[in-house]
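Structural features, examined
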Amino acid sequence: MTTTGTAVWGRAEQQDFRSRVRGCLLGGAIGDALGASVEFHSLDEIRREHGPEGLTDLVPAYGRRGAITDDTQMSLFTVDGLIRAQVRRDTGAWHPPTDVHRAYLRWAATQREWGPDERREEDGWLARQEWLYARRAPGQACLTGLGDDTMGTLAQPKNPDSKGCGAVMRSAPFGLLVGWEPQLVFQLATECAAQTHGHPTGYLAAGAFAVLIHSLAQGEPLDNAIQRALAQLSARPGHEETSTALKLALGAVRQGLPTAARVESLGEGWTAEEALAIGVYCALVAEDVRHGLLLAVNHGGDSDSTGSICGNLLGALHGETALPPGWLAELEGRATILELADDFAMEMTQGPALHGPAGSAPGWLARYPRS
Ligand SMILES: [Mg+2]
């Protein structure tokens with residue numbers, strides 16, 4: 001395969017890839033929804049409210065069971081931006097950070113507008129989904145970084161001191177670019193992270209997470225994926241905090257049975273490297289997706305982000321059929337997420353059949369406009 005995605009895919013390969021894309025996006029959304037109600041609660045508060053085991057099921061947040069938050073919203077716009085980068089390539093333009101930035105600006109509009117503006121055809125399909133126009137405790141750095149049209153870059157990042165988890169939590173989709181070389185995936189994820197988070201840990205953790213997903217989406221085990229992420233990190237200035245956090249997660253696995261206390265030994269997850277470490281640890285020790293996600297949300301920190309990261313990892317690793325069906329059935333926006341996942345898989349595996357110099361499917365360009 002090449003970065004242009006023009007290689008011919010076999011049918012079994014295509015179906016495996018689609019299952020991992022669906023698993024990654026839906027798994028992340030389920031983890032996000034599971035953690036949504038306890039994002040700002042300590043472990044003691046969680047146990048007082050839900051019993052000694054803590055949270056064991058979806059509970060209402062933002063007025064319903066299964067509500068997703070900003071982590072899922074932004075991840076979906078990452079996917080939208082990546083599809084549009086591929087589609088816009090027909091015009092000779094190739095600068096994916098610009099397309100992802102435009103997608104994030106469309107997300108930012110969902111945080112301040114009442115609903116979609118049907119007159120803006122250039123918004124495309126995702127930004128016309130009314131249910132996405134909801135504020136679900138968005139991170140400050142994301143709001144300010146996308147508060148004007150200027151794009152932050154690695155050379156001139158937005159919020160130079162921010163290392164909150166707001167960039168890493170939305171970066172799984174970069175890893176789904178399975179035709180790309182890992183160093184390009186890492187680079188693109190860090191460039192797009194710097195649009196809101198300028199501290200090296202803020203963007204390097206996003207790059208590392210993308211490389212983890214990239215390995216899993218190609219069928220590698222999680223241990224290998226972690227070694228690949230560490231290898232990508234090692235060459236980057238300022239990587240130590242993120243590398244150390246990943247190594248701590250690996251070390252915690254060897255310390256005994258997983259407990260909430262062991263999760264909390266990795267931090268609270270408000271910062272990028274801690275959120276990544278907790279998500280990775282819970283995915284490493286997970287007996288199944290349900291067990292891993294419950295572990296990832298039952299702690300006194302940023303539960304929806306750590307749940308989302310863990311869900312992205314487990315979904316990419318095991319595919320959509322491993323996700324707990326009862327939780328999937330109640331997931332807010334399930335239809336949109338599934339449709340977007342399938343669109344992404346179609347674009348990456350059959351892009352030339354959808355658009356190109358010889359002609360384009362009008363329905364596709366309406367969903368993912370070139371402008
Ligand atoms: Mg959130």
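Keep in mind that what you see is a predicted model, and the values were worked out from it rather than measured.

**Quick word on the coordination of the magnesium ion**
Taken together, T69 (OG1), D70 (OD), D71 (OD) and D304 (OD) make up the full set of protein donors to the magnesium ion, lying 2.0 to 2.4 Å away. Taken in sequence order, the residues that donate to the magnesium ion follow the motif T-D-D-x232-D. Residue D71 is found in helix 3 (residues 70-88), and its partner D304 is found in helix 13 (residues 303-318); the two are separated by 233 residues along the sequence. Judged by its relative accessible area of 0%, D71 is buried.

**Quick look at the nonpolar core**
Judged by nonpolar contacts, the single largest core of 111 residues is most densely connected at F174 and F344. Ranked by residues supplied to this core, first place goes to helix 7 (residues 200-217) with 12 residues.

**Section: the packing of helix 3 against helix 15 (residues 334-354)**
At a minimum axis separation of 10 Å, helix 3 and helix 15 run at an interaxial angle of 30°. When the axes of helix 3 and helix 15 are compared, the pair comes out roughly parallel. Judged by the twist between their axes, the crossing of helix 3 over helix 15 is left-handed. On helix 15, the residues that touch T72, L76, V79, L82, I83, Q86 and V87 of helix 3 are I337, L340, D343, F344, E347 and M348. The residue makeup of the contact of helix 3 with helix 15, split by class, is 9 nonpolar, 2 polar and 2 charged.

**Let's talk about the pattern of salt bridges**
According to the stated counting rule, one finds 19 salt bridges in the structure shown. For the salt bridge of R120 with E113, the shortest nitrogen-to-oxygen distance reads 3.3 Å. E220 serves as the salt-bridge partner of R228, at 2.8 Å between the closest nitrogen and oxygen. Of the residues examined, R228 reaches a relative accessible area of 39% and is grouped as partly exposed. Overall, E220 belongs to the buried group, its relative accessible area being 17%.

**A few points about the confidence of the model for the protein chain**
Confidence in the prediction for the protein chain averages 96 pLDDT; 98% of positions are at 70 or higher. Low pLDDT (under 50) marks residues 1-6, which in the prediction has 14 contacts with non-local residues, meaning those over four places away or in another chain.

**A short note on a negative patch on the surface**
A surface patch of like charges, here negative, comprises D44, E45, E49, E264 and E268. Structurally, E45 can be placed in helix 2 (residues 43-50). For E45, a relative accessible area of 33% puts it in the partly exposed group.

**Description of the side chain of D117**
As for its position among the elements, D117 is in the loop between helix 4 (96-112) and helix 5 (140-145). A distance of 3.0 Å separates a polar atom in the side chain of D117 from the backbone nitrogen of R119.

Reading guide: rules and limits
Residues numbered from 1 in each chain as written. Predicted model: local features only at pLDDT ≥ 70, side-chain atom pairs only at ≥ 80, totals over all residues. Heavy atoms only, no water. Donors = N, O, S within 2.8 Å, 3.2 Å for Na, K, Ca; no water. Helix = DSSP H or I, 4+ residues; strand = E, 2+ residues; numbered from the N terminus. Buried < 20%, exposed > 50% of the residue type's maximum accessible area, 1.4 Å probe, protein only. Core = buried A, V, L, I, M, F, W, Y, C linked by side-chain atoms within 4.5 Å. Axes fitted to C-alpha atoms, helices over the stretch in contact; angles between N-to-C directions. Parallel < 35°, antiparallel > 145°, perpendicular 65-115°, else oblique. Left-handed = near helix turned anticlockwise from the far one by under 90°. Contact = heavy atoms within 4.5 Å. Nonpolar A, V, L, I, M, F, W, Y, C, P; charged D, E, K, R; others polar. Salt bridge = Lys/Arg side-chain N within 4 Å of Asp/Glu carboxyl O. pLDDT = per-residue confidence, 0-100. Patch = residues over 30% accessible without salt bridge, like charges linked within 9 Å, V, L, I, M, F, W, Y side chains within 5 Å. Areas by Shrake-Rupley, 256 points an atom, 1.4 Å probe, with all protein chains shown as cover. Lys, Arg positive; Asp, Glu negative; His and termini not counted. Charge placed at Lys NZ, Arg CZ, Asp CG, Glu CD. Polar contact = N/O pair within 3.5 Å; in protein donor to acceptor, adjacent residues only side chain to side chain.

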